[in-house]
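Analysis of the macromolecular model
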Amino acid sequence: MAWLGFEKGCLGDEEAKSLLEGLGLTVLRDFEIEVEVGKEWVAFRVFEVREPVESVSCPLARKVGCRVLEGGKHLILGEVSAKIWDEAVRVCSPDGETELIPVYTYDAFLDIRMPSRKVRGLEPEIVVGGKVYRLPLSFEDLEEIAQRGLLEKVEKAASVYGLFRVISHKALEELERRKRERKEEARYEVDYESGYVVVMESGKVTAVALPRFFVSLVEEGRYEEASKIYDEAPEETKKSLRESLVDAYYLWKTMGKDVSQLKEFLERLGVNVEEK
């Protein structure tokens, strides 16, 4: 889809739509954004259209006597083959002066569109399993994605772009609340020989790999329980638990989490993460 936008106050919505339709363009929706043009923020009424709009902005700007914005596939900055590129808009003044302004960064590895600092009013998005979700994700979004078995993509996005840019504060609070509830309800037994933990929770019995369960205890701040499991583990198992915890340390650090307690815990286990 492509965009054509008029400086706010230049034309009324119906007048603008009529003008675009007269050019053979199909208007799909309209919205407002602000773009930093030069050193000032300029508000635009933007119309999304089905047809390409390359080089349309300047003739329109001369015709209506105000700044006109155009955007579309013809204004991709960078190589699409690199999987990360910027999407720009061109703003043209009635005197013919133009400026190219990046408004989105698109990450094809994670299917994420992040607005640039040059635009206001655009929301970041991520595509998971073919569905577009607005960022940060709500708890309901996370539940839906989890049910589809696609949370790994969200975890990767959070590690790259920051936890709070990908998952909302309310969603994180709800996750913490539910973790506390599970902690109160769940019972478990550790089988060092098989390398699994049998968890009995809400009438259900599940088997969880010991390293994963160990890391989850630490993530929830249950260091006393984690210490007990570690102390009773065979030496080979202790090595595996340490390695899993070190991996978690660097992942959480990348995500911006407070890892000070985890670092102290690792040091008690004889691991100096600064040397890793």
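This text gives an overview of the structure that appears in the document. Being a predicted model, the structure only gives us computed values, none of them experimental.

**Section: the environment of Leu-151**
- Inspection of the secondary structure assignment puts Leu-151 in helix H4 (residues 151–161).
- We classify Leu-151 as partly exposed; its relative accessible area is 31%.

**Things to note about the sheet that holds strand S4 (residues 68–77)**
- With antiparallel pairing, 10 strands are arranged side by side in an open sheet as S8-S2-S3-S1-S4-S5-S6-S7-S9-S10. With partners counted over all chains shown, the strands left at the sheet margins are strand S8 (119–120) and strand S10 (131–134), one partner each.
- Relative to S10, strand S9 (residues 125–128) is paired through 4 bridges, and the arrangement is antiparallel. Counterpart to Val-128 in the pairing with S10 is Lys-131.
- The sheet contacts of helix H1 (residues 13–22) involve strand S1 (2–7), strand S2 (27–37) and strand S3 (40–49), and relative to S3 the element is tilted by about 55°.

**What about the packing of aromatic side chains?**
- This structure, assessed with the given rule, holds 8 aromatic pairs.
- When the ring of Tyr-249 is compared with that of Tyr-250, the centres are 5.1 Å apart and the planes differ by 90°; the resulting orientation is edge-to-face.
- For Tyr-249, a relative accessible area of 2% puts it in the buried group.
- On the basis of relative accessibility, which here comes to 30%, the residue Tyr-250 falls in the partly exposed class.
- Positioned above the aromatic ring of Tyr-104, the side-chain terminus of Arg-113 is 3.9 Å from the ring centre.
- The residue whose ring lies beneath Lys-238 is Tyr-230, and the NZ or CZ to ring-centre distance is 5.4 Å.

What counts as what
Residues numbered from 1 in each chain as written. Predicted model: local features only at pLDDT ≥ 70, side-chain atom pairs only at ≥ 80, totals over all residues. Heavy atoms only, no water. Helix = DSSP H or I, 4+ residues; strand = E, 2+ residues; numbered from the N terminus. Buried < 20%, exposed > 50% of the residue type's maximum accessible area, 1.4 Å probe, protein only. Pairing = 2+ DSSP bridges. Contact = heavy atoms within 4.5 Å. Axes fitted to C-alpha atoms, helices over the stretch in contact; angles between N-to-C directions. Phe/Tyr/Trp six-rings, centres within 6.5 Å; stacked < 30°, edge-to-face > 60°. Lys NZ or Arg CZ within 6 Å of the ring centre and 35° of its normal.

Note that all results are geometric; they support no functional claim without further evidence.
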